[in-house]
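# Coordinates in review
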Amino acid sequence: MTTLVGIVAGKEEPVVVLASDLTATSEEWHPHGDIAFREQRKEESQKIYVSDNRDLAVCMTGIRDDAYLNFLADLLSGKVDFQKVLRKKFFQEIVNLHLHRFDGKLWDPKAQNSLLVATRFDKKPKLYTCWPLGSIEERG
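Right, let's walk through the structure included here. Remember, it's a predicted structure, so these values are computed and weren't measured experimentally.

A positive phi is found at Asp122, a non-glycine position, where the angle reads about 55°. Within the secondary structure, Asp122 is located in the loop between strand 7 (113-119) and strand 8 (126-130). A relative accessible area of 68% means that Asp122 is categorised as exposed. For Lys123, which is not a glycine, the phi torsion comes out positive at approximately 60°. Mapping Lys123 onto the fold places it in the loop between strand 7 and strand 8. By relative accessible area, which is 78% here, Lys123 ends up exposed.

Our next topic: helix 3 (residues 92-102). By the burial criterion, the buried members of helix 3 are Ile94, Val95, Leu97, His98, Arg101 and Phe102. Buried positions in helix 3, seen along its axis, are confined to an arc of 155° and lie on one side of it. Looking at helix 3, the residues exposed on the side facing more than 90 degrees away from the buried face are Leu99 and His100. In this fold, the buried residues of helix 3 make contact with helix 1 (66-77) and strand 7. The first or second residue beyond helix 3 is Asp103, which carries a positive phi of 50°.

Our focus in this paragraph is helix 1. Taking 1.5 Å as the rise per residue, helix 1 with 12 residues should run 16 Å; its terminal C-alpha atoms sit 16 Å apart, in good agreement. Within the span of helix 1, buried status applies to Tyr68, Phe71, Leu72, Leu75 and Leu76. Summarising the axial view, the buried residues of helix 1 lie within an arc of 125°, below the 170-degree limit, and thus occupy one face. Of the exposed residues in helix 1, those oriented more than 90 degrees away from the buried face are Asp66 and Asn70. Buried positions along helix 1 lie against strand 5 (48-50), strand 6 (56-62), helix 2 (82-88), helix 3 and strand 7.

Conventions and cut-offs
- Residues numbered from 1 in each chain as written.
- Predicted model: local features only at pLDDT ≥ 70, side-chain atom pairs only at ≥ 80, totals over all residues.
- Heavy atoms only, no water.
- Helix = DSSP H or I, 4+ residues; strand = E, 2+ residues; numbered from the N terminus.
- Buried < 20%, exposed > 50% of the residue type's maximum accessible area, 1.4 Å probe, protein only.
- Arc of directions from axis to C-beta.
- Contact = heavy atoms within 4.5 Å.
- Expected span 1.5 Å × (residues − 1).

Geometry only, nothing functional implied.
So, in structure tokens, the structure goes:
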């Protein structure tokens, strides 16, 4: 289970502090004749990433697969305009990530992502929670 913490600290000059654990859990099913067994492994994993222009820091919880890594690369490189996302108050790209992953089938709660995002657009630090279905909440 991932632990992410984000706080906005300081009254006169606010800053955002992000923290996370460093352990990822992976799960694999192995067929063996008429049965299958599940193997879980824990390994070190980075969970906080900073954008190229240093205006965005992203903490992730959930599945780490190729679809998520491509989504993360687009977000950090600026291909996803997060300021536009904030203006719309809806994160369509995270919804698209999940819709692509589920391929029109049932939603799998184990195969989703939520994010904590710290920004400093216009030199004002802010913290947001981004939910799997596109909702965004600013945190105080």
